[in-house]
Amino acid sequence: MAATQETVEQVQSLEMDKYKYGFVTDIESEKAPKGLSEDTVRFISAKKNEPEWLLEWRLKAYRLWLTMPEPKWGKLEIPEIDYQDSYYYSSPKSMEDRPQSLDEVDPELLRTYEKLGIPIKEQEVLAGVAVDYVFDSVSVATTFREQLKEVGVIFCPISEAIQDYPELVKKYLGSVVPAGDNKHACLNSAVFTDGSFVYIPKGVRCPMELSTYFRINELNTGQFERTLIVADEGSYVSYLEGCTAPQRDENQLHAAVVELVTMDDAEIKYSTVQNWYPGDEDGKGGIYNFVTKRGICKGKNSKISWTQVETGSAITWKYPSCILQGDNSVGEFYSVAITNGRQQADTGTKMIHLGKNTTSRIISKGISAGKSQNTYRGLVRVAAKAEGARNFTQCDSLLVGETCGAHTVPYIESKNRSARLEHEATTSKISEDQLFYCRQRGISEEDAVGLVVNGFCREVLQELPMEFAVEAQQLVKISLEGSVG
Amino acid sequence: MLEIKNLHAEVDGKAILKGIDLNINKGEVHAIMGPNGSGKSTLANVLAGRDDYEVTEGGILFDGKDISELEPEERAGEGIFLAFQYPVEIPGVTNTTFLKEALNAQRRYRGEEELDGMEFVKMIRGKTKELGIKDDMLKRAVNVGFSGGEKKRNDILQMAVLNPKLAVLDETDSGLDIDALKVVAEGVNKLRAENNAILVITHYQRLLNYIVPDQVHVLSNGKIRRSGGKELALELEEKGYADYSGEAA
Ligand SMILES: Nc1ncnc2c1ncn2[C@@H]1O[C@H](COP(=O)(O)OP(=O)(O)OP(=O)(O)O)[C@@H](O)[C@H]1O
Ligand SMILES: [Mg+2]
């Protein structure tokens, strides 16, 4: 008996090592009744003490959602989702009365983030990064808010922004991703719970990196966060989002919406390191990451740059996009997507050129290992009036092993003759020669794979803010463990 | 240091090494010469433990230790270094990163302390200077866009940094101009010490003017057919391998 117990524990600890964020925090939580209905929507809105217009907006989205079909264009096998078998709101009980300072935050929550390697205590956090910590459906803390306020930067949970800056939220919410954009975004519009709100005033260069860390903890709970970032004329902000979830046998839905708006001469740099639980080797469990991210370069000479490192999730369905409306505006998409085991990813971008002399750049690196499927899907559209539009696209796929798949699906639609569009694509394999070369120099096979893959991704990884580049390199390596030998 | 006994090896089921005996002592330099396809690179790969190269008979002792079950990275940690006939490109990985990973992996294997960034940079700067390699080469991706000669020189830099007990140089001299040849030879001669051994695989006795071997072996059709002093290289250059073809012993 004791011996079996020991074995079980040992096996468990081994399993945990593979996905080191897989633990569960034991905390009492307050949930909405299970399932999805108008009542659920009303419950959430009431919990958040929302104004009438927002409740109406949510209900409209909910009714629309009922009529919408699941998007089918991805090269993904998505099991049917039982929307009634999930919770749409879960908040740690201790958050009922919103803590006024970090000292009042439940120590269990603080410990959770410490374990995740991102302590909340301000004196311990990465220097120069302000973080919003979202736990299930609520933001538990946002650091450095006062310092940011001094320069006029607003960085707070969106639920608070709705209370404190209703005009700003009302003006921009849904302006880039309308509720009816697609079924997942529509669901988010109906039941979104928290997320971050950022406003950078005219001429301000945000003095530190802003970051949100999403954590799903509760069983059978979806996470539906909503992020809205507005950069006013001549401003600049760099924003990073990270995410993890416990290891569970059930699939969990994460349907987020991110909207970015840049005015004249403004720039937003948005980086994501996505490490949701990917499921086990046989494809059991894991997060369905169905995310709609879109930015609009409203103003002249403005710029939106997406960088993503996608290593987790059982299924990734995600196309961070740019609408290049302002003349001379620039859109960029840098992506690393790694799939291993039975993971599936269908990810890419849309660059919509509307303004004159708009430029876009797409660099996509897909790495597939195990029995996974990895698809780049991208659209470059040039409108009739988009004189002088330019795009450069490069899609590289790297295969590790024989049983995985890599696919590249680029769509180009150009209605303007002056457009200059370039596309390059390569598919390669990690070669035996490369691995042997590394190993002959003393580097283990697993480290060699990590090294070669990191090299393959370099162009993208070097776009990440310094503080996170090292972490991302580690993540790239870890997510390929067990893919060779 | 290295004792090879009756070594038979095959690749893809094809017998290539057919009973090699070779002893190299500490402090010695040996050269192997032989016609194309005779098994020279195969021997180097077998020593380094490459997958797919199967030892079917005989064995290898390194420093008195049977290494036949060790992985390539473990053999590297034990002190075996192979300069490749065709050095491999690794896009996106800088020479500095690669060297640091390799050196620290070997140090870990041997239970030594890893070098931190500063110590490493200092050490590597010293090595590039010694070998007359420009520092900007360190920032470039491993062998990517390097000329043939630069790749070979880069392997010698790696050797200098890793400081192996046994260095096997597989045609490191081919494709080198005379200046590069001197650099390579200098690098090898610097490594040459009481406790190190070197095995040079080459087609040209020219290299052996710079790296003077203690012994020269003729490998033909998977077996060492003759061994001698450095004058054997001169003789081979004159007469070719006609006498050593086939099964003749
Ligand atoms: N993977 C393989 N499958 C089948 N045959 C192989 C394989 N690798 C090597 N060989 C054969 O083994 C023999 C020895 O090759 P090896 O590369 O060791 O020769 P070498 O002496 O280094 O020649 P060179 O002077 O041209 O470099 C050759 O006939 C070669 O074709
Ligand atoms: Mg050869």
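Since this is a predicted model, take the numbers as computed values, not measurements. (Residues numbered from 1 in each chain as written. Chains lettered and ligands numbered in written order. Predicted model: local features only at pLDDT ≥ 70, side-chain atom pairs only at ≥ 80, totals over all residues. Heavy atoms only, no water.)

K.L.:
A description of the overall build of chain A should follow, citing residues and the corresponding values.
P.N.:
Each helix and strand counted, chain A has 12 helices and 23 strands in total. Counting across all 485 residues of chain A, residues that qualify as buried make up 61%. Looking at chain A alone, contacts between residues at least 24 apart form 83% of all its contacts between residues at least 6 apart. Carbon and sulfur atoms make up 48% of the accessible area of chain A, which amounts to about 19200 Å² in all. (Helix = DSSP H or I, 4+ residues; strand = E, 2+ residues; numbered from the N terminus. Buried < 20%, exposed > 50% of the residue type's maximum accessible area, 1.4 Å probe, protein only. Contact = heavy atoms within 4.5 Å. Areas by Shrake-Rupley, 256 points an atom, 1.4 Å probe, with all protein chains shown as cover.)

K.L.:
Would you mind going over the coordination of the magnesium ion (ligand 2) in detail, with residue names and values included?
P.N.:
All names here are of chain B. The magnesium ion (ligand 2) binds to the protein through Ser41 (OG) and Gln85 (OE1), with metal-donor distances spanning 2.0 to 2.2 Å. With Ser41 in helix 1 (residues 40-48) and Gln85 in the loop between strand 6 (80-83) and strand 7 (90-94), this pair connects stretches of sequence that are 44 residues apart. Residue Ser41 is classed as partly exposed on the basis of its relative accessible area, which comes to 23%. (Donors = N, O, S within 2.8 Å, 3.2 Å for Na, K, Ca; no water.)

K.L.:
Describe the site of ligand 1, and please don't skip the residues or the numbers.
P.N.:
All names here are of chain B. With respect to spatial proximity, 15 residues lie near ligand 1, and among them Ile16, Gly37, Lys40, Ser41 and Thr42 are the closest. Contact between ligand 1 and Glu171: an oxygen atom at 3.3 Å from a side-chain N or O atom of the residue. Contact between ligand 1 and His203: an oxygen atom at 2.9 Å from a side-chain N or O atom of the residue. About the coverage of ligand 1: the protein hides 67% of its 640 Å² of free accessible area. (Near = heavy atom within 4 Å. Polar contact = N/O pair within 3.5 Å; in protein donor to acceptor, adjacent residues only side chain to side chain.)

K.L.:
Mind laying out the pattern of salt bridges, listing which residues take part and the relevant values?
P.N.:
Side chains that differ in sign of charge can pair as their charged atoms come close. All told, the structure shown has 33 salt bridges over all chains when counted by the stated rule. Between Asp346(A) and Arg377(A) there is a salt bridge, and its shortest N-O distance comes to 2.7 Å. Taken as a pair, Asp346(A) in strand 18 (residues 344-353) and Arg377(A) in strand 20 (residues 373-382) lie far apart in primary sequence, 31 residues in all. Judged by its relative accessible area of 0%, Asp346(A) falls in the buried class. In this structure, Lys365(A) engages Asp396(A) in a salt bridge whose closest nitrogen and oxygen atoms are separated by 2.9 Å. Remark: Asp396(A) occurs in strand 21 (residues 390-399) and Lys365(A) occurs in strand 19 (residues 359-368); sequence separation between them is 31 residues. The pair formed by Lys365(A) and Asp396(A) is uniform in burial state, with each residue classed as buried. Three or more residues are tied together by salt bridges with common partners; here these are Arg439(A), Glu445(A), Asp51(B), Glu71(B) and Glu73(B). (Salt bridge = Lys/Arg side-chain N within 4 Å of Asp/Glu carboxyl O.)

K.L.:
Run through the interface of chain A and chain B, naming residues and quoting values.
P.N.:
Listed by partner, the interface residues are 19 residues for chain A and 34 residues for chain B. Taking both sides of the interface into account, the surface hidden between chain A and chain B amounts to around 2100 Å²; carbon and sulfur atoms contribute 59%. Remark: the boundary between chain A and chain B carries 14 residue pairs in polar contact (both at pLDDT 80 or more). Every element with two or more residues in the side of chain A that touches chain B is listed here: helix 9 (432-440) and helix 10 (445-456) of chain A. When residues in the side of chain A that touches chain B are grouped by element, the largest group, 8 residues, is from helix 9 of chain A. Looking at the side of chain A that touches chain B residue by residue, the classes come out as 7 nonpolar, 5 polar and 7 charged. (Buried area = accessible area lost by both parts, 1.4 Å probe. Nonpolar A, V, L, I, M, F, W, Y, C, P; charged D, E, K, R; others polar.)

K.L.:
Any details on the pairing of strand 11 (residues 257-262) of chain A? Residues and values, ideally.
P.N.:
All names here are of chain A. The buried count for strand 11 comes to 6 of 6 residues, which makes it a mostly enclosed element. Going residue by residue along strand 11, you find Val257, Glu259 and Val261 tucked away on one face and Val258, Leu260 and Thr262 tucked away on the opposite face as well. Relative to strand 11, strand 8 (residues 226-231) runs parallel, the two being bridged by 6 bridges. Across the sheet, the residue bridging to Arg226 is Val257, located in strand 11. Bridge count between strand 11 and strand 13 (residues 286-297): 6 bridges; the pairing is parallel. Of the residues in strand 13, the one forming a bridge with Val257 is Thr292. (Pairing = 2+ DSSP bridges.)

K.L.:
Break down the sheet that holds strand 2 (residues 14-24) of chain B for me, with residues and values.
P.N.:
All names here are of chain B. A sheet is described by the order of its strands in space; here 4 strands give the open sequence 2-1-4-5, paired in antiparallel fashion. Every other strand in the sheet has two partners, leaving strand 2 and strand 5 (65-66) as the edge strands with one partner each. Where strand 4 (residues 53-62) lies against strand 5, 2 bridges are found, and the strand directions are antiparallel. Bridging from a neighbouring strand, Leu61 pairs with Asp66 of strand 5. Strands in contact with helix 1 are strand 1 (2-11), strand 2 and strand 4; relative to strand 1, the strand with the most contacts, it is inclined by about 110°. (Axes fitted to C-alpha atoms, helices over the stretch in contact; angles between N-to-C directions.)

K.L.:
With reference to specific residues and values, describe the nonpolar core.
P.N.:
Ranked by internal contacts, the top residues of the largest apolar core, which has 100 residues, are Ile367(A), Val453(A), Leu2(B), Ile4(B), Ile20(B) and Phe98(B). With 7 residues, helix 7 (residues 178-191) of chain B is the single largest residue contributor to this core. If we ignore the near neighbours within four places in the chain, the residues touching Val453(A) are Ile367(A), Leu398(A), Ile430(A), Val476(A) and Leu480(A). Core analysis: the second largest hydrophobic core is formed by 30 residues, Val153(A), Ala231(A), Tyr239(A) and Ile268(A) among them. (Core = buried A, V, L, I, M, F, W, Y, C linked by side-chain atoms within 4.5 Å.)

K.L.:
Which residues make up the sheet that holds strand 10 (residues 197-201) of chain B, and what values go with them?
P.N.:
All names here are of chain B. Read from one edge of the open sheet, 6 strands run 6-9-10-3-11-12, paired in mixed fashion. At either end of the open sheet lies a strand with only one pairing partner, and these are strand 6 and strand 12 (223-228). Within the sheet, the average angular offset between the axes of one strand and its neighbour, ignoring direction, is 20°. Of the pairings in the sheet, the one linking strand 9 (residues 166-170) to strand 10 comprises 5 bridges and is parallel in character. Bridging across to strand 10, Leu169 finds its partner in Val200. Its contacts with the sheet put helix 6 (residues 148-162) on strand 6 and strand 9, and the angle it makes with strand 6 is roughly 165°.

K.L.:
Residues and numbers for the environment of Met33(B), please.
P.N.:
Within the secondary structure, Met33(B) is located in strand 3 (residues 29-33). For the pair Met33(B) and Ala15(B), spaced 18 residues apart in sequence, the C-alpha separation works out to 20 Å.

K.L.:
Lay out the pairing of strand 17 (residues 330-339) of chain A with the relevant residues and their values.
P.N.:
Residues and elements named next belong to chain A. Taken across its 10 residues, strand 17 has 9 buried, putting it largely inside the fold. Across 8 bridges, the pairing between strand 14 (residues 303-310) and strand 17 is parallel. Residue Ile304 lies in a different strand from strand 17, and its bridge partner there is Gly331. When strand 17 meets strand 19, the two strands line up parallel, connected through 10 bridges. Each residue of the ladder has a partner; that of Val336, found in strand 19, is Lys365.

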